[in-house]
Structure formats: C-alpha cells, structure tokens
Amino acid sequence: MERVFAEYLIETPYDVEQASAVLAGEQSSGTFVSVPGETEELKKRFAARVEDIQLLDVSEEPSIPGGSIPGKKYQKARVKVSWSIENFGYNLPVLISTLQGNLYEITQFTGLKLMDFEVPESFQNHFKGPKFGIKGSKLSCGVTDRPMIGTIIKPSIGMSVEETATLVKSLIDAGIDFIKDDELMGSAANSPFDERVKAIMKVIRDNEQKTGKKVMYAFNISDEIDEMQRKYDLIIKEKGSCAMISINSVGLSGTKKICDQGELVIHGHRNGWGMLNRHPLLGIEFPAYQKIQRLAGVDQLHVNGIQNKFWESDDSVVTSIKSCLKPFLGGYEILPVVSSGQWGGQAVETYRRTQTTDLLYMAGGGILAHPMGPKAGVNALQQAWTGAVEGLSVEETALKYPEFAASVKKFSK
C-alpha cells in the first residue's frame, strides 16, 4: 500500500526513539493509553511508522515549553515518519491534520517543525494542481526571458476607485507586467470591490486594445467562500486574468475551492507566514508549505526576497525559491513571487544565487518612489535584471543605465 512520508525537526528531553514513537502513535491509531480495539492487526494496517532518526546537537534549555526531565538535556533530531494512504485517502485537510495536527501539543517535544513531505504519484489523479503556474503566468503577460515585473497598489488602503484606476494607468503606461491589491484591501468604504474591478479592468482592456499587451491585475477576493466565488465571477465577466487569495486567512479548503475553478491565475499571498515559520523549532518549513499550496492549485506564491525588510534570511529565501522550482508530481508548477522591500539592487544577488528568471519580481516603493517616476522605476527593474543575467555587478549596471543608477542612489543602504 502506498505511503506518505514526512520529515520533522524535533527537540526532546526524552529518549528520541520513545518520543518519535509517541508522535507516530498520536498521529495515527494510538493515544496516551492502550484502548480496546487497538489490535495488532489494526496497528499493522493503520499505525504510522518511524522510518529514520538522525541525531543532531544537544541544548541546555528547551526551545519552547514542554516536558522536562531532571538532569536531562534537550536532544535535537531529524525524524522521518510514514503513514499508509489508507488513513486519509485523498482528503487534503485530513492529510494536513495528520502531518500538522496535535503533534505540536505533545508534551514530549520542546521543539517540532514539519520540514518536508512526499506523496505518492497517485495524487496526480485526484488533485488538479496549479492550472497556470510559471508558464501560464508569464505567457499571459507576454513575458519570456526575464522575470515578470510587478508592483503593489500603495498606499495599501485609503485610495478611492478613481485614484487607484489613475495609478494603474500610469503603471501600465510605464510598462508594468503585473499589479496587485494589497492584502489589506478588500472592499473598503471608499473603494468598493465591484466598482474597483470595473474601473481597473476598463483601463487594462483599453491598453490591451491599443498595444496588444494585457497587464495582469490580482484582485484580492479573500472573503467567505460564496462571496469569493461571486467576486471571482465578476473578474471573469470583466475579462480579468488573476485573483489574489490570502491563503492563510481563507484556509486550505477555501483556497482549493477557488483554484479548482481553473479560469483565473491564482496569486497566493502568504501573509501570516511568520506565525507558521519564524521560530526555528516550531511550525512548518517552506518546502513543505509550498507543496500544500501546489496540491490546492495555487499558481503564484510569495517567497519573500533577498535583503528583505522582514526577519527572514537570504538563505531561507533562496531555499524557498528553489523549492518552488523543484519538480513536484510531474509538473505542478508554482511561480515564486519575490517581494518585501525589493528594488533593482537585489536582482544581481537573486539571480546569482538562484540562476532563474522564472520569477514574479515585485517592488512597491522600489517603483512608485523612484526619483524619476514610476516609468523609470519599472525600467530600472528591467535594466537590473538585464544586467544580472549578463553577469554585471550593481555598479556596472548603474554605469550602463541612468534609471537604474538613480535607483541605486535612492534605495541603496
């Protein structure tokens, strides 16, 4: 019978094999005490198995609250556990409850993080995966050998429909590929969702008619499921190409419900990610997280950015980008969305470390606050990526392109 495998980073003052067995039991057929009906036959078929344990370093203090044993230190380890697919079939929420459920509450652990997981190839027969992914997203915008260049409507909230449409027109005139609502913008008092969609899509359609280029706008449809569907349908009616979902706010089933429609590119915003990942020994690592979103059908997913404005290290961001580009189930593509305090200056290091242009490279202030205006901001990002791919340094690129040079003067630290 096919099995699902998961790898965890754990910390425990208990014997590691004993603690791992508790994890496997709690997340399958066992509980804290033997119960009637828990036969050997049942356990053989449904009990999780501890497949491998690799001991790591030892700490004097616990990473998070949990059990303690007088005189015992806290052992870290990597533990691989597997489950028969019979336990959950192809029910994604139950699979995630198994991989990430009560195990975080188990007293034996003073640290536990889901690092990655593997599912059988048969999942391809039950999950559609991303409909558009990397190729479909770039094709929609007419982008080939460079990243999609995108931006966010700023201020995040407070602009009227008319002000937003005017800004969108200026960004389109500047040559942008992608624009999105901020995650804080749903349907504000002075910017009702329906009115905003209609006004912005008129600008986009007018430009498409004149130039042939259709700029992708990600409207934030995050809401209750029925209302998300209504908003989704409105975007289609107005000939839009993309909807944005705050995936941690909407939840897995809500995200998948919308992705399964398959008519719009789905831009997955991971706001709230810090509470899932920021502690080094609690939560979930991005390689596992992005697989969940690929199974749900998300086409584009935020990965933070090099030299970002948040807490995440460059190494972590690079790992996230590479995990999105790693093949999964024979073609479930997902486009990494690089954002968070980005401007052209980070392009050189981003390309050096990832060797890819299969990105949506997002800059808010890096475009809108460019000293020569938004058009120069868009040009500067395109110039930065041209220089990066050519192997030029930031300084060499600045000598070649005046708009990028102005970015360096404005944004470099």
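Residues numbered from 1 in each chain as written. Predicted model: local features only at pLDDT ≥ 70, side-chain atom pairs only at ≥ 80, totals over all residues. Heavy atoms only, no water.

As named in an unreviewed UniProt entry, the chain is Ribulose-bisphosphate carboxylase large subunit family protein, taken from Flavobacterium potami.

(A) Geometry of the sheet that holds strand E8 (residues 242–246). The eight strands lie next to each other as E5-E6-E7-E8-E9-E11-E12-E13, forming a closed barrel whose pairing is parallel. Taken over all neighbouring pairs, the strand axes of this sheet differ in orientation by 30° on average, direction set aside. By the bridge criterion, two bridges tie strand E9 (residues 265–269) to strand E11 (residues 300–304) in an arrangement that is parallel. Considered in E11, the bridge of Gly-268 is made with Leu-301. (Pairing = 2+ DSSP bridges. Helix = DSSP H or I, 4+ residues; strand = E, 2+ residues; numbered from the N terminus. Axes fitted to C-alpha atoms, helices over the stretch in contact; angles between N-to-C directions.)

(B) Expanded view of the sheet that holds strand E3 (residues 74–84). Pairing is mixed in the open sheet, where five strands are placed in the order E2-E3-E1-E4-E10. Two strands in the sheet have a free side with no partner beyond their single neighbour: strand E2 (49–59) and strand E10 (282–284). Strand after strand, the sheet turns through a mean of 15° between neighbouring axes, direction not considered. Sheet topology note: the E2/E3 ladder contains eight bridges and is antiparallel. Residue pairing for E3: Gln-54 is matched across the bridge by Arg-78. Most of the contacts of helix H3 (residues 92–100) go to strand E1 (residues 3–12), to which it runs at about 30°, and overall it touches E1, E3, strand E4 (111–118) and E10. (Contact = heavy atoms within 4.5 Å.)

(C) Representation of the packing of aromatic side chains in the model. Tallied over the entire structure, the rule returns twelve aromatic pairs. Relative to Tyr-289, the ring of Trp-273 lies with its centre 4.7 Å away and its plane at 50°, an arrangement referred to as tilted. Highlighted residues: Trp-273 in helix H10 (residues 273–277) and Tyr-289 in helix H11 (residues 286–296), separated in sequence by 16 residues. Side by side, Trp-273 and Tyr-289 carry an identical accessibility label, which is buried. Centre to centre, the rings of Phe-286 and Tyr-289 are 5.9 Å apart; their planes meet at 45°, and the pair counts as tilted. Here Phe-286 pairs with Tyr-289, and both are found in helix H11, just three residues apart, close to one helical turn. On the accessibility criterion, Phe-286 (3% relative accessible area) is buried. When its relative accessible area of 4% is taken as the criterion, Tyr-289 is described as buried. Cluster of aromatic residues (ring-pair linked, three or more members): Tyr-90, Phe-123 and Phe-127. Lying over the aromatic face of Phe-193, Lys-231 brings its terminal NZ or CZ to 5.0 Å of the ring centre. (Phe/Tyr/Trp six-rings, centres within 6.5 Å; stacked < 30°, edge-to-face > 60°. Buried < 20%, exposed > 50% of the residue type's maximum accessible area, 1.4 Å probe, protein only. Lys NZ or Arg CZ within 6 Å of the ring centre and 35° of its normal.)

(D) Local environment of the pairing of strand E12 (residues 335–338). The alternating pattern of E12 places Leu-335 and Val-337 on one face and Pro-336 and Val-338 on the opposite face, and all of these are buried. Pairing analysis gives four bridges linking E11 to E12, with the strands arranged parallel. Bridge pairing links Gln-300 to Leu-335 in E12. With helix H12 (residues 314–325) bridging E11 and its parallel neighbour E12, the resulting β-α-β unit is right-handed. (Right-handed = clockwise from strand over helix to strand, strands pointing away.)

(E) Focus on the nonpolar core. Membership of the largest hydrophobic core comes to 98 residues, with the highest contact counts inside it found for Tyr-8, Leu-95, Leu-99, Ile-179, Ile-221, Leu-295 and Phe-404. If we skip the residues at most four places from it in the chain, Leu-295 touches Leu-92, Phe-117, Phe-123, Phe-127, Gly-129, Lys-256, Phe-328, Leu-329 and Tyr-332. Val-143, Met-216, Ala-218 and Val-265 belong to the second largest nonpolar core, which has 15 residues in total. (Core = buried A, V, L, I, M, F, W, Y, C linked by side-chain atoms within 4.5 Å.)

(F) Up close: unusual backbone geometry. Each neighbour pair has its own omega, and for Lys-154 with Pro-155 the value is 0°, a cis peptide bond. Structurally, the position occupied by Pro-155 is in the loop between strand E5 (148–152) and helix H5 (161–173). Its identity is not glycine, yet Gln-355 carries a phi of approximately 55°, on the positive side. By the element assignment, Gln-355 lies in the loop between helix H13 (347–354) and strand E13 (360–362). Residue class for Gln-355 comes out exposed when judged on its relative accessible area of 54%.

(G) Molecular detail of the side chain of Arg-3. With respect to the secondary-structure elements, Arg-3 resides in strand E1. Here Arg-3 occupies a buried position and makes no salt bridge, while the nearest side chain of opposite charge, Glu-51, is found at 4.1 Å. A distance of 2.8 Å separates the side chain of Arg-3 from the side chain of Ser-82, its partner in a polar contact. Among all residues touching Arg-3, those that are not within four sequence positions of it are Ala-47, Ala-48, Arg-49, Glu-51, Ser-82, Trp-83, Ser-84, Ile-85 and Pro-120. (Lys, Arg positive; Asp, Glu negative; His and termini not counted. Salt bridge = Lys/Arg side-chain N within 4 Å of Asp/Glu carboxyl O. Polar contact = N/O pair within 3.5 Å; in protein donor to acceptor, adjacent residues only side chain to side chain.)

(H) Summary view of the environment of Ile-176. Looking at the secondary structure, you find Ile-176 in the loop between H5 and strand E6 (178–180). The spatial distance from the C-alpha of Ile-176 to the C-alpha of Gly-377 is 9.6 Å, given a sequence separation of 201 residues. Not counting the four nearest positions on each side in its chain, Ile-176 is found in contact with Ile-149, Gly-150, Thr-151, Leu-171, Lys-213, Val-215, Ile-367 and Val-378.

(I) Just the packing of H13 against helix H15 (residues 374–390), in detail. Contact geometry for H13 and H15: axes closest at 8 Å, N-to-C directions at 40°. It follows that H13 is oblique to H15 by the angle criterion. Handedness of the H13/H15 crossing: right-handed. Contact with H13, carried on its side by Ala-347, Val-348, Thr-350 and Tyr-351, involves Ala-384, Trp-385, Ala-388 and Val-389 of H15 and no other residues of that element. (Parallel < 35°, antiparallel > 145°, perpendicular 65-115°, else oblique. Left-handed = near helix turned anticlockwise from the far one by under 90°.)

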